[in-house]
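Remarks on the overall topology
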Amino acid sequence: MSTFVSICEVGPRDGLQIAKTRMTTDDKVRWIKSIAAAGVREIEVGSFVPPRVIPQLSDTPEIVSRVLAEVPGLTVQALAPNLRGVQNAYNAGVHKISIPVSVSEGHSRANLNRAPAESIEMMREIMAWLKAQPRKVPVVAGCSTAFGCSIDGVVTTAQTVAMAKGLADAGVDEIMLADTVGYAHPAQVKEVVRATREAIGPVLYGLHLHDTCGLGVANALAGLEEGIRAFDSCLAGLGGCPYAPGASGNVVTEDLVFMLESMGFQTGIDLEKLFEARRVLHEGLPAEPMQGQLAKAGLPPTFRKAA
Ligand code: ZN
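Read on for a plain summary of the structure.

Criteria and cut-off values
For every chain, the first residue of the written sequence is number 1, and numbering continues from 1 along that sequence. The model is predicted, so local features are restricted to residues of pLDDT at least 70 and side-chain atom pairs to those at 80 or more, both for listing and for counting; the totals for chains, interfaces and linings are taken over all residues. By convention in this description, side-chain values take in all heavy atoms of the structure and omit both hydrogens and water. Cavities and pockets were defined on a 1 Å grid built over protein atoms only: a cavity is a set of grid points that admits a 1.4 Å probe from which the probe cannot escape, a pocket is an open set flanked by protein on both sides within 12 Å along at least five of seven lines, and lining residues are those with an atom within 4 Å of any such point. Grid points are joined across faces, edges and corners, and a volume is the space filled by probe spheres set on the points. Think of it as three bins: nonpolar holds Ala, Val, Leu, Ile, Met, Phe, Trp, Tyr, Cys and Pro, charged holds Asp, Glu, Lys and Arg, and polar takes everything else, Gly as well. Only runs of H or I of at least four residues qualify as helices and only runs of E of at least two qualify as strands under DSSP, and these elements are numbered from the N terminus. Pairs of residues are marked as contacts when any of their non-hydrogen atoms sit within 4.5 Å. Between buried and exposed lies partly exposed: a residue is buried under 20% and exposed over 50% of the maximum accessible area for its type, with that area taken using a 1.4 Å probe on protein chains only.

Counted as a void, the largest pocket has a volume near 710 Å³. Lining the largest pocket are 44 residues, with Arg-13, Leu-79, Pro-100, Asn-111 and Leu-112 positioned closest to its centre. Of the residues that constitute the lining of the largest pocket, the class distribution is 21 nonpolar, 15 polar and eight charged. Approximately 260 Å³ is the volume found for the second largest pocket. Forming the walls of the second largest pocket are 19 residues, and the residues nearest its centre are Gly-237, Leu-238, Ser-248, Gly-249 and Gln-291. Along the lines of polarity and charge, the residues of the lining of the second largest pocket split into six nonpolar, nine polar and four charged.

What follows is the structure, given as C-alpha cells:
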C-alpha cells in the first residue's frame, strides 16, 4: 500500500464560506499561492454557486483564472452544486470538480433543495454532459453527512453505502466520504470505509473530516489504517457548513500533515511553509479565529519528515 498521502486543501472554499468577514480576491490569491508553495498539490479554490447564495465565494471565476495562470503545476479544484455550476467550472478551466451530495434527507433538502435519490439522477446528467466535452475533467463526489447529520441525527452505514453505490454507478471518478458535521468516531469510520470499499472498490477515494468533537485527526488515522490515502483539510481548521447547524471547522491541515509525516507517510508538504501560509491567511482575514495544536506548540525538535 502506498505511503504517499494526498492532501487537498479546501480552506479557500469550505473555510471561507462561513467566515464572518470577506477576504479580498488579491488576499485569496496570495493565500492560495502560499499554500501551494508549501507543497500542497491540490487546492479547492472556490465554488460555482450563485453569488447570492455564498457572497464570500462570488469571485470564484476570477480566482480560478488567476490561479491557473499564476500557480503552475497546481491541481485547481472547484465545487459545483449542479449541472449549471459544473458547466461554469468546466468553462473556467478547472482541473477537477467536486460535487456535494447529501446522504441524509434533511441535509439534502436544506443544502441542495432536493432528495438524496434526485442527486444520483443529477449526477448521471452531469457525467453525460462531461463525457461529451473535449477536455477530460474528473469529478469527485462528496457524500455529505456520511457519518451523521445535525438535522436527521443517525445516518446508517447502509444509507451511506447505497449513496456511494449510486454515485459510482452514475460514473463519478472518485468518492469522498464527508463527516460534514463532525459526529464520526474512529470505529465508525473504519466500518463505513470497509463497507463502502466492498461496494464500490477503488472509486472510494478519500475522507473529508470536520473536527467538531475533537476527533478529526483520530478519524483520519482510522481511515489511514483502512487504506485511505487522500484527505481534505483546512489550514487553521477553518470551515463549516451554512446548512449544518453546529458543525465546526475542518480537520487542521498542519496537524494532519504533522501526524502523517511523523508516521512515515509522505505528503510533499513542508510544515514550516504551512505556518507561513497560516500567517498569510491571518493577514487576509484577521478577525477569523485560527485552530490547530501544532501551530500553538511549534514543531517539536524530534520531528523528522517522512523519508
Ligand atoms: Zn466540509
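On we go from here.
Looking at the secondary structure, you find Ala-199 in helix α8 (residues 186-200). For Ala-199 and Lys-165, which are 34 residues apart along the polypeptide, the C-alpha to C-alpha distance reads 6.4 Å. In contact with Ala-199, not counting residues within four places along its chain, are Val-161 and Lys-165.

With that settled, the discussion passes to the environment of Leu-238. Locating Leu-238 in the fold gives a position in the loop between β8 (230-233) and α10 (253-262). By relative accessible area, which is 3% here, Leu-238 ends up buried. Between the alpha carbons of Leu-238 and Ala-222 there is a distance of 22 Å; along the sequence they are 16 residues apart. Sequence-distant contacts of Leu-238, that is, excluding residues within four places in its chain, are made with Gly-15, Leu-16, Trp-31, Gly-249, Asn-250, Leu-281, Glu-288 and Pro-289.

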